[in-house]
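Spelled out, the chains give:
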Amino acid sequence: QVQLVESGGGLVQAGGSLTLSCAASGRTFSNYAMGWFRQAPGREREFVAAIDWSGSTINYADSVKGRSTISRDKAKKTVYLQMNNLKPEDTAVYYCAAGPGWLMFSSKTTYEYWGQGTQVTVSS
């Protein structure tokens, strides 16, 4: 079993930066791919970024590419999402997820475990 807890969300001004953290517990974490998703009010949960179990393969959604960096620290069982040049459209609840797959890294169905989410609000 895997438990995920997000933190680091908050209120920031447009153009600012924020780093989200996802602390994991469970024996499968080290071998699982990790993903970040977000969901704004009235919208579907959408893919943001993903990193494979080794940390060698990373993918980003077009909406955040060039502004975001995903990383993981296996020793701390933590995955991070650093977001720069934040925009109002980045406002959403951000969720981290863990799953054994990779080819469908951008699909919600790939991930078996989900955190409760952390709110990111970008003002303009």
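What this report covers is the structure whose coordinates are included nearby.

Definitions and cut-offs
- Residues numbered from 1 in each chain as written.
- Predicted model: local features only at pLDDT ≥ 70, side-chain atom pairs only at ≥ 80, totals over all residues.
- Heavy atoms only, no water.
- Helix = DSSP H or I, 4+ residues; strand = E, 2+ residues; numbered from the N terminus.
- Rg over C-alpha atoms; globule rule 2.2 N^0.38 Å.
- Disulfide = S-S within 2.5 Å.
- Buried < 20%, exposed > 50% of the residue type's maximum accessible area, 1.4 Å probe, protein only.

### Thoughts on the overall build of the protein chain
So, step 1. Regarding its fold elements, the protein chain presents zero helices and eleven strands.
So, step 2. When the elements of the protein chain are put in sequence order from the N terminus, they spell out β-β-β-β-β-β-β-β-β-β-β.
So, step 3. What you see for the protein chain is a C-alpha radius of gyration of 13 Å, in line with the 14 Å of a compact globule of 124 residues.
So, step 4. Each of the three principal axes of the protein chain carries a C-alpha extent, and together these read 40 × 25 × 25 Å.

### So, the state of the cysteines
So, step 1. What the rule picks out here adds up to one disulfide.
So, step 2. At a sulfur-sulfur separation of 1.9 Å, the disulfide partner of Cys22 is Cys96. Negative torsions about the S-S bond denote left-handed disulfides, and the value of about 55° found for Cys22 with Cys96 makes this one right-handed. A residue pair is termed long-range when its members are at least 10 positions apart, and Cys22 in strand 3 (residues 18-25) and Cys96 in strand 9 (residues 92-99) qualify at 74 residues. This pair shows no difference in class: Cys22 is buried, exactly as Cys96 is.

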